[in-house]
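Structure at a glance
Chain by chain, the residues run as shown.
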Amino acid sequence: MAAKLISLACIRGESSSTSHGNLSPRPHYPSMPKYPKGFLPLEQEKGMEGPESKALFSVVGMTCAACAGSVEKAVKRLPGIREAVVDVMNNRAQVMFYPSFVDTETIRETIEDVGFQATLVEDETNEKSTYVCRIQIKGMTCTSCSTTVESALQAVPGVQKAQVALATEEAEIRYDPKVVSYNQLIEAVQDTGFEGILISTGEDRSTIHLKVEGLRTRTNSMRLIENSLQALPGVQEVDIDLELSKVSISYKPELTGPRNFIEVIESTASGRFKATIFPQGGGRESHREEEIKQYYRSFLWSAVFTIPVFLTSMVFMYIPGLKDVMDTKVVNMLTVGELIRWVLSTPVQFIIGRRFYTGSYKALRHGSANMDVLIALGTNAAYFYSVYSVLRAATSSNVKSMDFFETSAMLISFILLGKYLEVLAKGKTSEAIAKLMDLSPDAAMLLTLDSEGNVIREEEIDSRLIQKNDVIKIIPGAKVASDGYVIWGQSHVNESMVTGEARPVAKRKGDTVIGGTVNENGVLHIKATRVGSESALAQIVRLVESAQMAKAPVQKVADRISKFFVPLVIVVSFSTWLAWFLAGKFHGYPKSWIPSSMDSFELALQFGISVMVIACPCALGLATPTAVMVGTGVGASKGVLIKGGQALESAYKVNCIVFDKTGTLTMGKPVVVNTRLLRTMALREFYELVAATEVNSQHPLAKAIVEYAKKFREDEENPSWPEAQDFNSITGHGVKAIVRNKELIVGNKSLMLEENIVVPVDAEEMLAETEGLAQTGILVAIDRKLVGVVAISDPLKPSAAEVISILKCMNVRSIMVTGDNWGTAKSIAKEVGIDNVIAEAKPEHKAERVKELQASGYIVAMVGDGINDSPALVAADVGMAIGAGTDIAIEAADIVLMKSCLEDVITAIDLSRKTFSRIRLNYIWALGYNIIGIPIAAGVLFPSTRFRLPPWIAGAAMAASSVSVVCCSLLLKNYRRPKVLDNLEIRGVIVE
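Remember, it's a predicted structure, so these values are computed and weren't measured experimentally. (Residues numbered from 1 in each chain as written. Predicted model: local features only at pLDDT ≥ 70, side-chain atom pairs only at ≥ 80, totals over all residues. Heavy atoms only, no water.)

1. Brief notes about the overall build of the protein chain
Formally: Strands are runs of DSSP state E lasting at least 2 residues, helices are runs of H or I lasting at least 4, and numbering of each runs from the N terminus. Each residue's exposure class comes from its accessible area (1.4 Å probe, protein chains only) as a fraction of the maximum for that residue type: buried when under 20%, exposed when over 50%, partly exposed otherwise. Two residues qualify as a contact provided that any one of their heavy atoms is within 4.5 Å of a heavy atom in the partner residue. Areas reported here follow the Shrake-Rupley algorithm with a probe of radius 1.4 Å; residue values treat only the protein chains shown as occluding.
For the protein chain, the helix and strand inventory stands at 34 helices and 36 strands. The proportion of buried residues among the 992 residues of the protein chain is 57%. Taking the intrachain contacts of the protein chain between residues at least 6 apart in sequence as the baseline, contacts between residues at least 24 apart amount to 73%. Per element, the accessible surface of the protein chain, about 40600 Å² overall, is 55% carbon and sulfur.

Now the structure itself:
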């Protein structure tokens, strides 16, 4: 951590968008372009085709994972970065980026700013070097299984990182496609003994699958279609599966799309082919449903055989008449009841219970032991001892049989019931992703426009066939079919299902819309900009999927325990049997302790089997991932995107929050409220000169001045300002320029003093008065003489003071860091109730302050809008990006708050605390169950109470423990944010 913090000190906070202090505009994130892909102004959109490039850098000086992490995080914060992977072992950094927004030199300088020497090694265009492959893995039962698969995948050459999640039964693998293919990854999974099914690969981000009717011969049909598709601009690869009549096409969405492919295929060979979207199947949900059905069928068949075994063993023996039938001798001392139990329990043991044998074999073959090993050993011990006992009775005229067939059959039945309930419950933990994916509408209304923009045709199409720049009609009550912007009409759109924003958002021409949201009234015509996997909804789904894959640090406890848990249980089980057997053999306890129906060996065997089957490694393995899955899913439904277990664990520990001012505590929309001139001149002329200077800056205060200046030119829609020469932006202070041969300096008091410009007493008084009203005073000097003071106000968010108060009640310290002047900063801080303030801070100073707090022992969260706060967001233990909207900065922060609501900071911390209290409860239950259950099963209570746990009850308890852990995690779905926040939201509506 120290290395990471030291290296972060060098990250530069330079930005052309910063002038008067460190205030920030409406949130956009460093990892995304100012206009996200697809939302460019028309003049820029025409010139950008969005090619993707890859660059490889040699990075000298990295010594540990913390160094690599700091480089990776800094690079990812640049605009236009798609992916960045840092290999500390080989001193390399591999970056995929969009050249329209960032170049290799900027990336290299960023790496050097972090504190390491960087050299460009390779720069290749349109060639992906890292793919992400997701594989469904069937058959895993505990942490030992997932660890075995993860280790096997990590050992495959070309695999950069592999994560296997037991709760989702999925693997996410980052790999180099030049070295290894996804088929080899699936083979590696299958070599460990589990079934691997491909969910997606890196190529799928721009791939569509079509079903083509009419494919006959491999040569002619395939060649015809492949050549026709390859001729289209933007088509990268065509793959044809003749058996499934499936054509997979990788393409550039900005150049072509699925409707073009269907049209080309159907026009090939005189219309002999018919193409449609390949039916969805074999996905995550269908696999889950199939697994549920399998366990349900297995349990039913097991119950069909086990119930008669139970009745003949436990019930019929006490019913006169039936008891005589059961005790009828067949051969020597072998009775009818024993024969029935043997016949009925055999298919349960070897046919229905076959999965436990195969699971045990696969685990042991790879040098590990899992739950299947315990079940197989326990049931085999009971079954084969019973077979021995029955055969001995059949061959003897005086030795009665004592069988345990009901033990093995009931054990398997209860375990199958438990697995069925567990899989059923685990399916509910991932409902958040299913709900998000269901937001996309099935159909869309495609409009064809003439050259003047009039609608000439309407056509209903599958929403998956929408292409970039299509015009889509959205009627009232319908879902928005894709991301885009409104080109005609006005309405209100309910975005709560994506952003969590409760109130409908007004939309008119030029406003952006998000796919999956609901149009409430008016008709809208939208132009599609981001479709398929590029959409905001798809990005959220990917973020939640990745979050559910990522392991929390606390899960390492379960991983460590699982390595020796099963072998230890086997040793304890054998020791228990041996201890009771020897005690009975050498009369270590009275004979009266032995039940009349068995001898000392059989009593010892029951204790040994009970220990073996009561131990449950599954509950430990599921304690963390199920809670993280539900927690991140709940967060996504409330507009709080949490990037996995690491972010959850860090947020739960947070005891200090550093807030940026503009756009975080304030509305982020400053307006000019007062102007005072110190010399006689027309206000129009004054603002003409100031606007001409400030129009070159992207700072929110500059924009406020320019907007106010437009009022003096109401006759012009887009006024042009005089040319500004020698423009210079001084970060954190202001701007300078020459306008109409006059030298203008616009900025704060510090800038004036640096430029040796005298600030008169009346100007000082105006500044003090302005700052006392929590406003920002901007000084204007013309030809090095102060001529005016502009007062700008950025109103506080309605709930800011209450949020700070609630955080104090949660024992979380609040600090405000801003680039604004001390007077304004203190006034704002006093108004919201923050005692600790740092003002006139440049971006790098914010990061330094965060590190000072960490050094003092605080776990620090930084809440900012992601522009000038970027170094501090990197340095903090938890970076929270607030107000992301559709600009989902996937890589910009640990937690992304979709709305601009400050209350969501509390929601994020409260949810993380609730999730981790649930994880603790899961661990207490899972560990406590094993710690208490194993000694009881071993017979600790038997000497004093004569209480013993029959093996079949022990097996039922084991099955119940896993189900209870998953159900405990599922209770998080009932999470409700603190009630006090609901009152704040109501107050917010009134204030607005």
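Once the structure has been displayed, the description carries forward.
2. A look at helix H23 (residues 683-694)
Where we set the bar: Here, expected helix span is obtained from the residue count minus one, scaled by 1.5 Å.
Taking 1.5 Å of rise per residue, the 12 residues of H23 would be expected to cover 16 Å, and the 16 Å separating its terminal C-alpha atoms lies within 8% of that figure. Taken across its 12 residues, H23 has nine buried, putting it largely inside the fold. The set of residues buried in H23 consists of Phe 686, Tyr 687, Glu 688, Leu 689, Val 690, Ala 691, Ala 692, Thr 693 and Glu 694.

3. Quick word on the pairing of strand E29 (residues 742-747)
Defined as follows: What makes two strands pair is DSSP finding at least two bridges between them.
Pairing analysis gives six bridges linking strand E28 (residues 734-739) to E29, with the strands arranged antiparallel. Bridge pairing links Val 739 to Lys 742 in E29. Joining the antiparallel neighbours E28 and E29 is a turn of two residues, in which Arg 740 adopts a positive phi near 50 degrees. Relative to strand E30 (residues 776-782), E29 runs antiparallel, the two being bridged by four bridges. When the bridges of E30 are listed, Leu 744 appears paired with Ile 782.

4. Observations regarding the pattern of salt bridges
Between side chains of opposite charge, a pair can form when the charged atoms approach closely. Put simply, the test is: By convention in these notes, a salt bridge is any Lys or Arg side-chain nitrogen within 4 Å of a carboxyl oxygen on Asp or Glu.
Across all of its chains, the model carries 30 salt bridges by this definition. Its salt-bridge partner being Glu 769, residue Arg 676 comes within 3.1 Å of it at the nearest N-O pair. Taken together, the residues Arg 676 in strand E26 (residues 671-677) and Glu 769 in helix H26 (residues 761-772) connect sequence positions 93 residues apart. Through salt bridges with shared partners, a single ionic network connects Glu 72, Lys 76, Glu 83 and Arg 174.

5. As for the sheet that holds strand E5 (residues 131-138)
Applied cut-off: For helices, the axis comes from a line fit to the C-alpha atoms of the stretch in contact; other axes are also lines fit to C-alpha atoms, and the angle between any two N-to-C directions lies between 0 and 180 degrees.
Across the sheet, which stays open at both edges, the four strands sit in the order E6-E7-E5-E8 with antiparallel pairing between neighbours. Each edge of the sheet is formed by a strand with only one pairing partner; in this case those strands are strand E6 (159-165) and strand E8 (195-200). With strand direction ignored, the average angle separating the axes of adjacent strands in the sheet is 25 degrees. For E5 and strand E7 (residues 170-175), the ladder comprises six bridges, and the chain directions are antiparallel. Its bridge partner being in E7, Cys 133 is matched across the sheet by Ile 173. Each of E5, E6 and E7 touches helix H5 (residues 143-154); the most contacted strand, E6, lies at about 170 degrees to it.

6. With respect to the confidence of the model for the protein chain
In plain terms, the rule: By definition, pLDDT measures how confident the predictor is in each residue, and it falls between 0 and 100.
Of the residues in the protein chain, 86% reach a pLDDT of 70 or more, and the chain-wide mean stands at 80. The low-confidence segment residues 122-128 (pLDDT under 50) makes 26 contacts with residues lying over four places distant or belonging to another chain.

7. Remarks on the nonpolar core
General note: in soluble globular proteins, nonpolar side chains tend to be found buried as a group. This is how the line gets drawn: Here, nonpolar core refers to any group of buried Ala, Val, Leu, Ile, Met, Phe, Trp, Tyr and Cys residues whose side-chain atoms link them within 4.5 Å.
Counting residues in each nonpolar core, the largest one holds 134 residues, and the members touching the most others are Leu 153, Leu 185, Ile 657 and Ile 895. The dominant element in this core, judged by the number of residues it contributes, is helix H31 (residues 903-937), at 12 residues. Among residues more than four places away in sequence, those in contact with Ile 657 are Leu 807, Val 812, Arg 813, Ser 814, Ile 815, Ala 861, Val 863, Val 905 and Ile 909. Val 235, Val 238, Val 247 and Val 493 belong to the second largest nonpolar core, which has 37 residues in total.

8. Here we look at the packing of aromatic side chains
Think of a pair of aromatic rings as described by two things: how far the centres are apart, and how the planes are tilted against each other in angle. For clarity, the cut-off: Between rings of Phe, Tyr and Trp, where Trp is taken as its six-membered ring, a pair exists when centres lie within 6.5 Å; planes separated by under 30 degrees are stacked, by over 60 edge-to-face, and by other angles tilted.
A full pass over the atoms with the stated rule returns 29 aromatic pairs. Ring centres 5.7 Å apart and planes at 90 degrees place the aromatic pair Phe 581 and Phe 601 in the edge-to-face group. Residue Phe 581 is located in helix H18 (residues 555-585), and its partner Phe 601 is located in helix H19 (residues 600-614); the two are separated by 20 residues in the primary sequence. Judged by relative accessible area, Phe 601 falls into the partly exposed class, the value being 27%. Following the ring pairs from residue to residue traces out a cluster consisting of Tyr 385, Tyr 388, Phe 404, Phe 574, Trp 577, Phe 581 and Phe 601.

9. What about the packing of H18 against helix H20 (residues 617-637)?
Convention followed: Note that the term roughly parallel is reserved for angles under 35 degrees, roughly antiparallel for angles over 145, roughly perpendicular for angles of 65 to 115, and oblique for everything else. Note on convention: the crossing is left-handed when the near helix lies turned anticlockwise from the far helix by less than a right angle, right-handed when the turn is clockwise. Amino acid classes used here: Ala, Val, Leu, Ile, Met, Phe, Trp, Tyr, Cys and Pro are nonpolar; Asp, Glu, Lys and Arg are charged; the rest, including Gly, are polar.
Contact geometry for H18 and H20: axes closest at 9 Å, N-to-C directions at 165 degrees. The angle between the axes of H18 and H20 places the two elements in the roughly antiparallel class. For the pair H18 and H20, the sense of crossing is left-handed. Together, Gln 555, Ala 558, Ile 561, Phe 565 and Val 566 of H18 and Pro 617, Leu 620, Gly 621, Thr 624 and Pro 625 of H20 make up the contact between the two elements. When its residues are assigned to classes, the contact of H18 with H20 shows seven nonpolar, three polar and no charged.

10. Points about helix H11 (residues 336-352)
Our working definition: Given a residue, its bend is the angle between the two axes fitted to the seven residues that end at it and to the seven that start from it.
The terminal C-alpha atoms of H11 lie 24 Å apart, and with 17 residues this matches the ideal 24 Å at 1.5 Å per residue to within 8%. The axis of H11 is deflected most strongly, by about 25 degrees, at Ser 345, and proline Pro 347 appears within four residues downstream.

11. Brief notes about the environment of Ala 768
Here Ala 768 lies in helix H26. A relative accessible area of 49% places Ala 768 in the partly exposed class. Residues Ala 768 and Thr 824 lie 56 residues apart in sequence; the distance between their C-alpha atoms is 9.0 Å.

12. Some words on unusual backbone geometry
If you check the backbone angles, Asn 741 has positive phi at about 65 degrees while not being a glycine. With respect to the helices and strands, the residue Asn 741 is situated in the loop between E28 and E29. Asn 741 gets classed as exposed once you look at its relative accessible area, which sits at 75%. Look at Arg 946: it is not a glycine, yet its phi comes out positive at around 60 degrees. In this fold, Arg 946 is placed in the loop between helix H32 (942-945) and helix H33 (951-970). A relative accessible area of 42% places Arg 946 in the partly exposed class.

13. Here's the deal with the sheet that holds strand E32 (residues 813-817)
Strand order in the open sheet formed by seven strands is E24-E36-E35-E34-E25-E32-E33, and the pairing between neighbours is mixed. Looking at which strands have only one partner, the edges of the open sheet turn out to be strand E24 (640-642) and strand E33 (836-838). Neighbouring strand axes in the sheet, compared pairwise and without regard to direction, differ in orientation by 20 degrees on average. In this structure, strand E35 (residues 878-882) lies alongside strand E36 (residues 895-897), joined through three bridges in parallel fashion.

14. As for the packing of H18 against H31
At their nearest, the axes of H18 and H31 sit 13 Å apart, and the two run at 15 degrees to each other. Judged on the interaxial angle alone, H31 and H18 are roughly parallel. Seen from above, H18 lies across H31 with left-handed handedness. Along its contact with H18, which presents Gln 555, Ala 558, Ile 561, Phe 565, Val 569 and Val 572, the element H31 presents Tyr 923, Leu 927, Asn 930 and Ile 934.

15. Structural notes on the environment of Val 746
With respect to the helices and strands, Val 746 occurs in strand E29. Judged by relative accessible area, which is 0%, Val 746 ranks as buried. Along the sequence, Val 746 and Ile 778 sit 32 residues apart, while their C-alpha atoms lie 6.9 Å from each other.

16. As for the side chain of Glu 771
Where we set the bar: Only four residue types enter the charge count: Lys and Arg as positive, Asp and Glu as negative, with His and the chain ends excluded.
You can see Glu 771 is positioned in helix H26. Buried charged residue Glu 771 carries no salt bridge. Nearest counter-charge: Lys 749, at 7.5 Å.

17. Some points on the environment of Gln 117
Secondary-structure assignment places Gln 117 in strand E4 (residues 117-125). A C-alpha to C-alpha distance of 9.2 Å links Gln 117 and Met 62, two positions 55 residues apart in sequence. Not counting the four nearest positions on each side in its chain, Gln 117 is found in contact with Ser 58, Val 59, Val 60 and Glu 112.

18. Points about a nonpolar patch on the surface
What counts, and what does not: Residues enter patches when they are more than 30% accessible in relative terms and free of salt bridges; like-charged ones are connected within 9 Å and nonpolar ones (Val, Leu, Ile, Met, Phe, Trp, Tyr) within 5 Å.
There is a patch of nonpolar side chains on the surface, built from Val 330, Val 331, Leu 339 and Val 343 and spanning about 300 Å² of accessible area. Topologically, Val 331 is positioned in strand E13 (residues 329-331). Judged by its relative accessible area of 41%, Val 331 is partly exposed.

19. Section: the side chain of Ser 408
Along the polypeptide, Ser 408 turns up in helix H14 (residues 405-429). According to the relative accessible area criterion, Ser 408 is buried, its value standing at 1%. Residues within four places of Ser 408 in sequence aside, it is in contact with Gln 349, Thr 379, Ala 382 and Tyr 383.

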